[in-house]
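Here is how the chains run, residue by residue.
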Amino acid sequence: MPPVVRLLAKRLGTSLIVLVGVSMLIFTIARVIPGDPARIALGPNATPEQVETLRERLHLDEALPVQYGYFLRDLSRGDLGISLYTNRPVTADIAQFLPATLELILVAGLMMILIGLPLGVIAARYRGSWADHAVRIFTLLGVSAPSFVWAVILMLIFAFYLPLFPIAGRIADSYAIASVTGFLTIDTLIAGNLAAFGSAAWHIVLPAFALSLSGIGQAARLTRSNMVETYDKPFIEMARSYGFPERRIARRFAFRPSLIPSLTIIGLDFAAMLGNAFLVEAVFAWPGLSRYGVAVILRKDLNAIVGTVLIISAMFLLVNIIVDLLIAFINPRIRYSQRAS
Amino acid sequence: MTGLLSLRNVSKVFTLGQREIRAVDDVSFDVVEGECLAIVGESGSGKSTIANMILGIYPPSMGTIAWRGDVLPARRELRHRRAIQLVQQNPLSSLNPRRSVGASLRLPLDVHGIGDRSHRADRVARLLEEVGLPADFMNRSPAALSGGQRQRVAIARALASESDLVVLDEPTSALDVLVQARVLKLLADLRDKRGLTYVFITHDLSVVRNIADRVAVFEKGCLRELGTTEAIFANPQHAYTRRLIAAVPVVADAEVALRNRLMENDDAAA
Amino acid sequence: MKRAAYILVRNPLSLTGVILIALVVFGALFADLIAPFPEHRGAVVDFANFNKPPEWPYLFGTDLVGRDLFSRILYAYRISLLLGVVVLAIAVPIGVTIGLVAGYVGGWVEYVLMRITDVFLSIPPLVLAMSMMGLLEPTLTNGMLAVTAMWWPWYTRLVYNLTRSEKEEGYVLAAEVIGASRAHTIFREILPNCVPSIVTKMTLDLGFVILIASSLSFLGLGVQPPTPDLGSMVADGAKYLPDSWWLTVFPGLAILVAVFGFNLLGDALRDILGVDQ
Amino acid sequence: MSAPTLRIADLGLGFRTWAGPVEVLHGISLHINKGERVALVGESGSGKSVTARIVLGLLQELKSARISGTVEFEGRDLDRLSARERHALRGTRMSMIFQDPTSSLNPVYRIAPQFHEVLKRAEPAISEAAARARAAALLSAVAIPEPERALDSYSFQLSGGMNQRVMIAMALANEPALLIADEPGTALDVTVQAQTLALMRDMVEEHHTSVLFISHNLGVVREFADRVYVIYKGRIVEHATAEGLFADPRHPYTRALLSAVPRITGGGIPEIEDVSEDYFQPLVVHEGCGEPEGAA
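Just so you know, these numbers come straight off a predicted model, no measurement behind them.

Draft legend 1. Structural view of the overall build of chain A. Each helix and strand counted, chain A has 14 helices and 0 strands in total. Along chain A, from the amino end to the carboxyl end, the secondary structure elements read α-α-α-α-α-α-α-α-α-α-α-α-α-α. The burial tally for chain A puts 54% of its 341 residues in the buried class. By sequence separation, contacts in chain A at least 24 residues apart represent 71% of the contacts at least 6 residues apart. When the accessible area of chain A is evaluated, it comes to approximately 14700 Å², of which 66% is carbon and sulfur surface. Each charge sign in chain A was given a centre, from 29 positive and 21 negative side chains, and these centres are 13 Å apart.

Below, the structure written as structure tokens:
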């Protein structure tokens, strides 16, 4: 078995174990809270009979492990239960709201990598200079305010005072686009409607940038510190002794070895983005998972909460597997070593 | 005659992924009380693995290690730990940078309950003096010491538990040559004074020539040759031993002559 | 000490951090003396002065029921800092101990502990805290509980990685050869070498706890009114943008200043203590 | 007569640190004639490695370093050259071999592209195929058994000895006038070190390359160098031919150093001071190695 395949298999296995752990954790939190979930779901006006019926349907009278067993059985059929808030299957709700959130996060992730990594490289190459200090201040500011504060500030400046960008929503109301992927920037292209694509792209810039600022900061700071560490390695001194230009040393000799430790953390930053998306969506009225998530949490809609958390964690684990494969691709030591670790 | 420490048919196998690596392969030898036995080899010879097994860091995969005739179990008792101590190659790493010299020296006294609690500070001071350092070094951090001074502290720590056997793992190869000479001198003096037994692990045959009583030459986990230092250098039996001696960079004409004589035999054989 | 001073003087940003945090902590501690309207921390209504832009004596303007924003921000700092200290006081010992044990003992203990840590790490921090706050009641105590629950695994990760590399150091081998107990090796030998990294992270995290707590209350899942809270102030004010901009901008900047200060301070500590990232 | 390959005169080096200024080199002078192998031998902290880095121009870029004195390379004062001209010398006219071969090669690229980069320094237009052919030839010249396979390997897949040979081949690839070897092979096993040193000597002899050989190991120096400078705490204390130095060491420091080396013929461990006022006595120059070639 090639090392990369073995690595993939191992990672998938671990992720599955972790995902089961997540489901147990969130399931337990959801079931041990004070109060009767059935009573909460039906409201104060429900009759005791109605409550009892719902309790039975939700297996609430069984022991916790038995309830968890039912939950796993349903889960294996792709059934996360009915949302007590929308009265629809939780899977249907998530399928409706997830793409908007995912689109936002992917664009923000792209910004994080395309802006954060170059900034880190520049700061490392010119360390100690004004450029380094400027990057440091910018990136520190990026991580120093929650994304909703940046969302508000960006909105105030670039939507209200300088009306360059739209204030809210995913696309201008005048466009009706058939949903294929759920990603408006892609669906508009599929529909061949360039004006609609422009509108969708225009709408996503500010929220995605607000969401990515902290990630840009983290990625740039991390890349800088890893690059600075790499600069102290003998192979960089050797490159210097051969007289390669500094730019080439930064881009070719130092960047790739430095990227390896950075990538893991960038994967973790994705997790933070999955959460922070809730904040940015609230500011820009982005019709994603956030409003649904906050609503079901406030209503103690157990099935929906468990489902939402599980989906988000699964996405996080998926991102990390992708990151691990990327690292294996960049780092020959993993591809060729006897130990896949 | 059984020694202070006897290794009998000792092997160590490590598993790395799906591969098995035989680091030490069926090795038997004794360490006689009061001697300095050099264990010589290059990287991959298994010399560090042997040191770790003697110290009880991990047990042998096969075979036994006996101390004064008693076979040592996989989990060492405290008295056996006390009896066998270690001086490592890199004193920068072997002394905890966050603890004072005194705290590092006190640890063996506390663990083994040596001396009266209230007198342990005096004991630490005496240990420092014994290795040629002033007593007020006990309040210093290892970072404030030179390489040679650190290695002296490490030696004092090995003496602290009043052990019988000290494993010296490349104790001078991180030091400059002037400092090395002084540390080697100290080790020789301490052995005479305290009647210690040394297992001296090294790749440097010129050091071995001047400090060891007997030499065991290892290559690829196997014991190639074992004999008195005189015999090994006068008439090495194994080709690998001859190659090792010949590879030593030397400074005196007499040394070149010895080297040439050894290589002649091999050239003639080839 | 001399080296610390040298680093601080040579790096104006680090000095800025020290000053910012000194101001924030001072303002929070002596809010009763500094705040022009200490009573505005609670449910006070002053409709004569509602929704005023910044003007004397309302440095940052007033909110929709006429309370002085500057005074409320000082009291919000007090609660944020308290939350941060309490969360770290609970999360750090737990996270550090688990990390040390998992890293040093190894084997199945390591496997089980680290997979449990992975479970917590793979739920985005905010989502985990949100779910807990939603399912429990949104009180200050539950807020601390929720944030603590999401915080300890990060220390486990940090200390676990540190322990694994420290374990290879000669001094650990030396302690084992001497026959020191596991507890001694873990807590007296390895832990002191992790302290600089832990202290640096704690400094940074005091800022990030403030950040997360404000995010929770921004979503309505944090400390409840009338207790002053920076996140809910931003959330309440956001509805009145852009006209009543001070309602959101000043609490938002207040968060920024505190977190920025802790970040600068953490960076300075990292340089002074010589911690690798 | 042509100018010496390298001439260093009164070179001083200081660093600014948080504890105040630290002087590392107190004005050292040395020269290397064409095709000569010259050793700079001293203990750690003596200033021998920084000297090598100044010759290559690596320390000049450091803000905290203060450098004085002159360094002339093939008759040209490096200080008078523009940064671009100085840069152009590196990797073409002078190159360096480092202490630890494995960590000195980039871990994320195979050997072949690293060789290509090096060859491009002298011949920017060289194609990948041409570079590969040259590299393979160079690798066989340093007795690497399967050059093609080595070219397709990463440094961590090769042994330390093999990496050392790769480094030697790279350093000599562009036919430099000066090779600086900083503790070559110290990280390797003794038998491997002996082999690669012999190999390096053959290679530089064949190419008539001048060598600045930096080492703490007197035995290695004796086997490699024609002429030796002994350096102690930033000062050159003795300058002699290799033969002269080992037959007749004159400076107290050199004598101490030499007597401290354990002999494979035995004789025990001598009693030596590791610090002494005598070690600061003035420079001793042996007859027959005073002035560089081409000097008046």
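What follows picks up the thread again.
Draft legend 2. Up close: the interface of chain C and chain A. Facing the 48 residues of chain C at the interface are 48 residues of chain A. For the pair chain C and chain A, the summed buried area comes to about 4300 Å², and 77% of that belongs to carbon and sulfur atoms. Of all residues in chain C, S122, L135 and L256 of chain C give up the largest surface area on contact with chain A, accounting jointly for 15% of the area buried on that side. Of the charged contacts in the structure, one is a salt bridge between D267 of chain C and R136 of chain A, with a shortest N-O distance of 3.2 Å. Applying the counting rule to chain C against chain A returns 5 residue pairs in polar contact (both at pLDDT 80 or more). For the side of chain C that touches chain A, the secondary-structure elements that each account for two or more residues are helix 5 (107-121), helix 6 (125-135), helix 7 (140-166), helix 9 (182-218), helix 10 (230-238) and helix 11 (246-273) of chain C. When residues of the side of chain C that touches chain A are assigned to their parent elements, the largest contribution, 11 residues, is made by helix 11 of chain C. The residue makeup of the side of chain C that touches chain A, split by class, is 30 nonpolar, 12 polar and 6 charged.

Draft legend 3. A look at the pairing of strand 1 (residues 6-17) of chain D. Residues and elements named next belong to chain D. Relative to strand 2 (residues 20-32), strand 1 runs antiparallel, the two sharing 10 bridges. For G12, the partnering residue across the bridge sits in strand 2 and is H26. Between strand 1 and strand 2, which pair antiparallel and follow one another directly, the connecting turn spans 2 residues. Relative to strand 4 (residues 65-73), strand 1 is paired through 8 bridges, and the arrangement is antiparallel. The residue bridging F15 from the neighbouring strand is A65, located in strand 4.

Draft legend 4. Main features of the interface of chain B and chain D. Taken together, the 33 residues of chain B in the interface contact 34 residues of chain D. Summing the contributions of chain B and of chain D, the shared interface buries around 3100 Å²; its carbon and sulfur component is 60%. The largest share of the area that chain B buries against chain D comes from L178, N210 and V251 of chain B, three residues that together contribute 24% of it. Linking chain B with chain D are 3 salt bridges, by the criterion used here. Where chain B touches chain D, the interface holds 14 residue pairs in polar contact (both at pLDDT 80 or more). Of all the elements in the fold, those that place two or more residues in the side of chain B that touches chain D are helix 7 (177-194), helix 8 (205-211), helix 10 (239-247) and helix 11 (253-269) of chain B. Take the side of chain B that touches chain D: its biggest share by element is 8 residues, from helix 7 of chain B. Of the residues in the side of chain B that touches chain D, the class split is 19 nonpolar, 5 polar and 9 charged.

Draft legend 5. Layout of the sheet that holds strand 11 (residues 284-285) of chain D. All names here are of chain D. In space, the 7 strands of this open sheet follow the order 6-7-8-3-9-10-11, with mixed pairing throughout. On the outer flanks of this sheet lie strand 6 (94-97) and strand 11, each paired with one strand and no other. Pairing between strand 6 and strand 7 (residues 178-182): 4 bridges, direction parallel. Bridge assignment links M94 to a residue of strand 7, and that residue is L178.

Draft legend 6. Spotlight on the nonpolar core. Core analysis: the largest hydrophobic core is formed by 169 residues, its most contacted members being F115 and F213 of chain D. Per-element accounting of this core gives the leading share, 9 residues, to helix 7 of chain B. Built from parts of two domains, this core gets at least three residues from each of domain 1 (3-234) and domain 2 (235-270) of chain B. For F213 of chain D, the residues in contact, after removing those within four places along its chain, are V38, A39, L40, A181, P184, L197, M200, V220, V221 and F224 of chain D. Counting residues in hydrophobic clusters, the runner-up holds 158 residues, among them I312 and M315 of chain A, W246 of chain C together with Y109 of chain D.

Draft legend 7. Molecular detail of the pattern of salt bridges. Counting across every chain of the model gives 52 salt bridges over all chains. Between R240 of chain A and E246 of chain A there is a salt bridge, and its shortest N-O distance comes to 2.8 Å. We classify R240 of chain A as buried; its relative accessible area is 17%. In this structure, R115 of chain C and D118 of chain C form a salt bridge, with 3.0 Å as the shortest nitrogen-oxygen distance. In this pair, R115 of chain C and D118 of chain C both sit in helix 5, 3 residues apart, roughly one turn of the helix.

Draft legend 8. Layout of a negative patch on the surface. The grouping of D189 and D192 of chain B together with E271 and E273 of chain D at the surface amounts to a negative patch. Counting through the fold element by element, D189 of chain B comes out in helix 7.

Draft legend 9. The environment of R77 of chain A, seen in detail. Note that R77 of chain A resides in the loop between helix 4 (64-76) and helix 5 (90-125). Taking the C-alpha atoms as reference points, R77 of chain A and L119 of chain A, 42 residues apart in sequence, are found 46 Å from one another.

Draft legend 10. Structural view of the side chain of T308 of chain A. Structurally, T308 of chain A can be placed in helix 13 (residues 302-330). Contacts of T308 of chain A, omitting those with residues within four sequence positions, involve I94, L289 and Y292 of chain A.

Draft legend 11. Spatial organisation of the sheet that holds strand 4 of chain D. Residues and elements named next belong to chain D. Pairing in this open sheet of 4 strands is antiparallel, and the strands run 2-1-4-5 from one edge to the other. Here the strands that pair on one side only, and so sit at the sheet edges, are strand 2 and strand 5 (76-77). Sheet analysis places strand 4 next to strand 5, joined by 2 bridges and oriented antiparallel. Within strand 5, the residue paired with F73 across the bridge is R76.

Draft legend 12. Focus on helix 11 of chain C. Residues and elements named next belong to chain C. Over its 28 residues, helix 11 extends 39 Å from the first C-alpha to the last, a length consistent with the 40 Å expected when each residue adds 1.5 Å. In terms of burial, helix 11 is a largely internal element, 22 of the 28 residues being buried. Within two residues after helix 11, G274 carries a phi angle of roughly 65°, on the positive side.

Draft legend 13. Representation of a nonpolar patch on the surface in the model. All names here are of chain C. Among the surface-exposed residues, V25, F26, L29, F30, L33 and I34 lie close enough to one another that they form a single nonpolar patch of about 570 Å² accessible area. Among the secondary structure elements, those contributing two or more residues to the nonpolar patch are helix 2 (12-29) and helix 3 (31-34). Per element, the largest residue contribution to the nonpolar patch is 3 residues, and it comes from helix 2. Secondary-structure assignment places F30 in the loop between helix 2 and helix 3.

Draft legend 14. Broad picture of helix 11 (residues 252-260) of chain D. Burial in helix 11 of chain D covers these residues: Y253, T254, A256, L257, L258 and A260 of chain D. Tucked inside the fold, the buried residues of helix 11 of chain D contact helix 7 of chain B together with helix 9 (218-224), strand 9 (227-232), strand 10 (235-241) and helix 10 (242-247) of chain D.

Draft legend 15. Representation of the pairing of strand 7 of chain D within the structure. All names here are of chain D. Extensive coverage of strand 7 is indicated by the burial of 5 of its 5 residues. As paired elements, strand 7 and strand 8 (residues 210-215) share 5 bridges and run parallel to each other. Looking at the pairing, L179 lines up with V211 of strand 8. For the segment spanning strand 7, helix 8 (residues 190-207) and strand 8, crossover handedness is right-handed.

Draft legend 16. Structural context of the packing of helix 7 (residues 160-173) of chain D against helix 8 of chain D. Residue and element names in this part refer to chain D. Look at helix 7 against helix 8: their axes get within 10 Å of each other, and the N-to-C directions meet at 15°. Considering their axes alone, helix 7 and helix 8 lie roughly parallel with respect to each other. With respect to the hand of their crossing, helix 7 and helix 8 are arranged in right-handed fashion. The segment helix 7 lies against helix 8, with G161, Q164, R165, I168 and L172 engaging V192, Q195, T196, L199, M200, M203 and V204. Residue composition of the contact of helix 7 with helix 8, grouped by class: 7 nonpolar, 4 polar and 1 charged.

About the criteria used
Residue numbers here run from 1 along each chain, matching the order of that chain's written sequence. Key to labels: chains lettered from A, ligands numbered from 1, both in the order written. Totals for whole chains, interfaces and linings use all residues, but because this is a predicted model, local features are given only for residues with pLDDT of at least 70 and pairs of side-chain atoms are given and counted only at 80 or more. To get the side-chain values, take all heavy atoms of the structure and skip hydrogens and water. Note on conventions: DSSP H or I runs of at least 4 residues are helices, E runs of at least 2 residues are strands, and numbering of each starts at the N terminus. Think of it in three bands: with a 1.4 Å probe and only protein chains considered, a residue is buried below 20% of the maximum accessible area for its type, exposed above 50%, and partly exposed in between. When checking whether two residues touch, look at their non-hydrogen atoms; a contact exists if any pair is within 4.5 Å. Residue burial considers only the protein chains on display, and all accessible areas are found by Shrake-Rupley using a 1.4 Å probe. Positive residues here are Lys and Arg, negative ones are Asp and Glu, while His and the chain termini are left out of the count. By convention, the point assigned to a charge is CZ for Arg, NZ for Lys, CD for Glu and CG for Asp. A simple way to read buried area is as the amount of 1.4 Å-probe accessible surface that goes missing from two parts once joined, with both sides added. Should a side-chain nitrogen of Lys or Arg be within 4 Å of a carboxyl oxygen of Asp or Glu, the pair is scored as a salt bridge. Pairs of N or O atoms are called polar contacts if they sit within 3.5 Å, as long as, within protein, a hydrogen donor faces a hydrogen acceptor (for residues adjacent in sequence, only side-chain-to-side-chain pairs). Residue polarity follows a fixed list, in which Ala, Val, Leu, Ile, Met, Phe, Trp, Tyr, Cys and Pro are nonpolar, Asp, Glu, Lys and Arg are charged, and the others, Gly among them, are polar. Strands are labelled as partners when DSSP assigns at least two bridges between them. Definition used in this section: a nonpolar core is a set of buried Ala, Val, Leu, Ile, Met, Phe, Trp, Tyr and Cys residues joined via side-chain atoms within 4.5 Å. Where each domain starts and ends follows an automatic or database-derived domain assignment. Patch membership is restricted to residues that have no salt bridge and whose relative accessible area is over 30%. Joining uses 9 Å for like charges and 5 Å for the nonpolar side chains Val, Leu, Ile, Met, Phe, Trp and Tyr. By this rule the span expected of a helix is its residue count minus one, scaled by 1.5 Å. Call a crossover right-handed when, viewed with both strands pointing away from you, the route from the first strand across the helix to the second goes clockwise. Note on geometry: axes are lines fitted to C-alpha atoms, helical ones only across the stretch in contact, with angles between N-to-C directions running from 0 to 180 degrees. Geometric relationships in this document are graded by angle, where less than 35 degrees denotes roughly parallel, more than 145 denotes roughly antiparallel, 65 to 115 denotes roughly perpendicular, and other angles denote oblique. For any helix crossing, the convention is left-handed if the near helix is rotated counterclockwise from the far helix by under a right angle, and right-handed if that rotation is clockwise.

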